[in-house]
Amino acid sequence: MSATPNRRPFDAGRAAYLTLNALLLAFLLLPIAIVLVFALNPTPYISFPPVGVSLRWFEKFFGSAEFMNALWLSLWVASVVLVLSIVIGAACALALSRGNLPGRAALTAFFMSPLMVPAILTGLALFQAYLLSGIGRPVWGLIAAHTLVAVPYVIRTTLAVLHNFDRRIEEAAAVLGASPVRVFFEVTLPLIRPGVFAGGVFAFIVSFDQFPVSLFLVVPKGETLPVVLFNYMKFDLDGAIAAASMVSILLALSVVLVLERLIGLKAYVKL
Amino acid sequence: MTSAAIKLDQVTKTFDGRVMAVDAVTLDIAAGEFFSLLGPSGCGKTTSLRMIAGFEHPDSGRVHVGGKDITDLPVHRRDMGMVFQSYALFPHRTVAENVAFGLRMREVPKPEIERRVAAALAQVALTGFETRKPGQLSGGQQQRVALARALVVEPPVLLCDEPLGALDRKLRQQMQFELKELQKRLGVTLVFVTHDQEEALAMSDRIAVMNGGKVEQVGTPTEIYERPRTRFVADFIGEINILDEGGQLRALRPEKIRLVAAEGARLSGTVETSNYLGGSTLLRVQPTTGPSMLVRETHAGARASRAPGDLVGLTWNDSDAVALES
Amino acid sequence: MISRRKALRAGAGLAALATVGAPSILHAQTKTLKITTWGGKWGEVMKATVLPAFEKEFKCTVSADQAFPFLPKLQVSSKNDPIYDVLHANSNEQWNAVVEGLVMDKITAKEVPNIADVYPYAVSDKIVGVTIFTSAIGLGYRTDKGLTKPTSWKDLADPKLAGSRGGYLIPVNSLGQAHLMMLGKVYGKGLTDLDAAYKALEALKPIKLVDFTGQMEKMLLSGEVSMGVIHDSGVYRYEGPNMQPVDFASPSEGVLALEQVLNVTPGSKVKELAFGYIDYMLRPDVQKLLAEAVWYSPANKKVKLAAKYDAKLLTTPEKVAALIQPDWKWYNARREDIDARVTKILKG
């Protein structure tokens, strides 16, 4: 008998796995591709096949004071929300995981609750509360609302890191002469930072894309981009919407990339 | 390098108000001594060590180091070195930064830090690894970094919590020699927690065998091995035969028994099993009456002379059968 | 990298935001009129021309909310200190609002003098508040698909149009709701003959459904549908060199009115100003400007539009007579049942 190389048996599981991955990828990327086609197509409606390539919708988007004001407002709000939610979220997570607090499970559930309540109700409830208490709808009220729904993301990601945290590392620092405050800044903070910043990325995107919570809390001339886009869509459903979407996607992507550059996001994508 | 004596005085620690982790333990550890806390898991050895370090506060009793009561002193003011089983290196810092950490906390001037870090790394044969991160090192190398990090501050006391537990056997033996040699050279007082009796015997000046939160016996390795005071100590260290002579329990090591002709021997019986161990052979002998006996037959060159089924006689010196406290 | 120029612009944006938070403090001396208004081209003209001129003339500030949904915001705010002084909405929403006491029942020429000049439909018993403009809901159709210009609402049921006719998700779109009532009139005993309407709706399947009129406009422009229910403005506003082969047809049974209605909130602290604003919006020059910008038919009889607008919009008593105004009070009272029923019919 001559030795023939063994043929690798057909692996149905592996084939299914690859197919599923391909489908998922297509499911995620296809809408973006369609938006891009729509954004570059010169007609004010989706025509297929595209009749040409034009930047007129991008020009319209960047040339519109309304869109630009909304874009800057959204970016500004999202940046403040990013900072606030990492500070609050990290502090909450540390307290929850380290604090020996009574009723810890209940407290954790409480801090996560903004994720369970439909965001539209959160927005409506805050709107009502602001109006009743005479605060009105200042921009910090909007920021507070966004922070409320963004903080749970930071708590989640930070708790995940804290869960696997070897506390002996902190003890080692203490034995070497580091006071509790120094232990926190020299060891604890650098080590939970990946989780905190991963949560921060979520927080930024949650705020930047936030529609339901913003819906009731924005004021005339102080509308965030998603709200402006929604209202624009009711009257002019043209390529400017698609252009705005592409800009949003690219902005969100660049935030992720910048954070990755600054702090090495890769290290903690395993959440 | 200075070293300091450690004294635990009637130290007690309970957890959750119920479990008695450490029960009125009193220990006197001399300056410059290599002292091991030996026992099974849950015996209170690690809790005792953590009370010396300051991670746990005793419910009652005092801890003295270098003649000073440090019971209420926070960890970072105790000026000790510690090596953990998991090494507990700072994963976000380089090897050099890890080693420099304690010096930085002590606000040692920068040039001196650099000099001492280099010296400490040289001492553990890790020169050239300064810029690596701990994740890029092998287990043995990480262990050495942990050692260098603990020793660079020249602490009078070095605490080791199962520091070699995660290493493989060969490396572990090598590190045992190195650690012992280093300790003698530096003269530091070293408290070593382990559940490995061989390790404790090989390295220690003295050993405290702990069980159920209490100290069973303190002594040199020879004392602990040759003259176990309690049945627990005798059982925990090496192989042992427990003889019951009219209610008085005696401990007899297998290697103290000699194989002789069956007739006229103290005991005679049949070899049940024979385990060849390289340097020796461990026989299980079933006497005509009583429990089976372990006998170690050492052989310089020749193989074991007895096989299962052989009839053998056993004999030993009375002085080798150590009376145990009941 | 963010350029210096952009960074400066962001800074300017922040400064602007700071003022947004506290308009009432900054303009403590001048009154503020809080209104709702549409976006799109309408919004552009309002913000660029109409509102600045109004502010100047009435020495006030106008805070115009273009962000939907208006009614829930009004519901949540206190009735004594409502979030809006003037609500701009379609007629059906005004009826929802009046039932809850959020807007006034009736506005007359006493408060708003220009009401004396409006067509009767603008203040008819089917209207709460004042209609300032109306559109005609009829049929939009492609002229390049070999279709004859529809003359009846029944033409939408032509079997040739299976799958290429367009309608609305009735629960969320008032054009869909009006069309449902029209089906009752065309196929049954009248606008309130729901049984006939349901039957006729069933016969329109398969039909492409959208929730915004804007989407219907785009489907006609792209040829995705060949005929659909739409308001005249949604077809005419695309006139120009790039005009697609799409036209608007007024069925012989009549067109449905899609009114732009203004109303004042009872709790408004600046009622005078609110009435003044409505009166201003009914002025012939303002009406002409907006009508020609978005192809809405003005409610004021005295408005003279340019010929091309005059030819197509409802600008004479005779043309206005074709308008059919649905009874929204009646409809809104049955809305839940209707929603459940039509959802079942249109499912699948």
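Residues numbered from 1 in each chain as written. Chains lettered and ligands numbered in written order. Predicted model: local features only at pLDDT ≥ 70, side-chain atom pairs only at ≥ 80, totals over all residues. Heavy atoms only, no water.

Draft legend 1. Spotlight on helix α4 (residues 104-116) of chain A. Residue and element names in this part refer to chain A. Helix length check: α4, at 13 residues, gives a terminal C-alpha distance of 18 Å against a target of 18 Å (1.5 Å per residue), a fit within 8%. The largest bend in α4 is about 35°, located at F110, with the proline P114 one to four residues further on. Those residues of α4 that fall on the buried side of the exposure criterion are T108, M112 and P114. Each element contacted by the buried residues of α4 is listed here: α3 (65-98) and α6 (139-163). (Helix = DSSP H or I, 4+ residues; strand = E, 2+ residues; numbered from the N terminus. Expected span 1.5 Å × (residues − 1). Bend = angle between axes of the 7 residues up to and from the residue. Buried < 20%, exposed > 50% of the residue type's maximum accessible area, 1.4 Å probe, protein only. Contact = heavy atoms within 4.5 Å.)

Draft legend 2. Examining the confidence of the model for chain B more closely. Of the residues in chain B, 98% reach a pLDDT of 70 or more, and the chain-wide mean stands at 90. Interface predicted TM-score (ipTM) for the complex: 0.85; the corresponding pTM is 0.77. (pLDDT = per-residue confidence, 0-100.)

Draft legend 3. The arrangement of the sheet that holds strand β14 (residues 267-276) of chain B in detail. Residue and element names in this part refer to chain B. Taken in spatial order, the five strands line up as β13-β17-β14-β15-β16 in an open sheet, and their pairing is antiparallel. Looking along the sheet, the strands with just one partner apiece sit at the ends: β13 (258-260) and β16 (293-298). Between one strand and the next, the sheet's axes are offset by a mean angle of 50°, whatever the strand orientation. Judged from the three bridges that link them, β13 and strand β17 (residues 311-315) form a sheet pairing that is antiparallel. Within β17, the residue paired with L259 across the bridge is L314. (Pairing = 2+ DSSP bridges. Axes fitted to C-alpha atoms, helices over the stretch in contact; angles between N-to-C directions.)

Draft legend 4. Highlighting the packing of aromatic side chains. Considering all chains together, one arrives at 30 aromatic pairs over all chains under this definition. Aromatic side chains Y119(C) and Y121(C) sit 6.0 Å apart centroid to centroid with 15° between the ring planes, which places their arrangement in the stacked category. By the burial criterion, Y119(C) is buried, and Y121(C) matches it. Across from the ring centre of F165(A), 5.1 Å away, lies the NZ or CZ of R98(A), which sits over that ring. For the cation-ring pair, R253(B) lies above Y225(B), with the distance from its terminal atom to the ring centre recorded as 3.9 Å. (Phe/Tyr/Trp six-rings, centres within 6.5 Å; stacked < 30°, edge-to-face > 60°. Lys NZ or Arg CZ within 6 Å of the ring centre and 35° of its normal.)

Draft legend 5. The interface of chain A and chain B, seen in detail. Contacts between the two partners involve 18 residues from chain A and, on the opposite side, 23 residues from chain B. Overall, the association of chain A and chain B removes approximately 1800 Å² of surface from exposure, summing both partners, and the carbon and sulfur fraction of that is 64%. At the junction of chain A with chain B, the criterion picks out four salt bridges. The closest approach of N and O atoms between R93(B) and E186(A), which form a salt bridge, is 2.6 Å. Where chain A packs against chain B, one counts six residue pairs in polar contact (both at pLDDT 80 or more). Broken down by secondary-structure element, the contributors of at least two residues to the side of chain A that touches chain B are α7 (167-175) and α8 (180-208) of chain A. Among the elements that take part in the side of chain A that touches chain B, α7(A) stands out by supplying seven residues, more than any other. Class assignment of the residues belonging to the side of chain A that touches chain B gives a composition of eleven nonpolar, two polar and five charged. (Buried area = accessible area lost by both parts, 1.4 Å probe. Salt bridge = Lys/Arg side-chain N within 4 Å of Asp/Glu carboxyl O. Polar contact = N/O pair within 3.5 Å; in protein donor to acceptor, adjacent residues only side chain to side chain. Nonpolar A, V, L, I, M, F, W, Y, C, P; charged D, E, K, R; others polar.)

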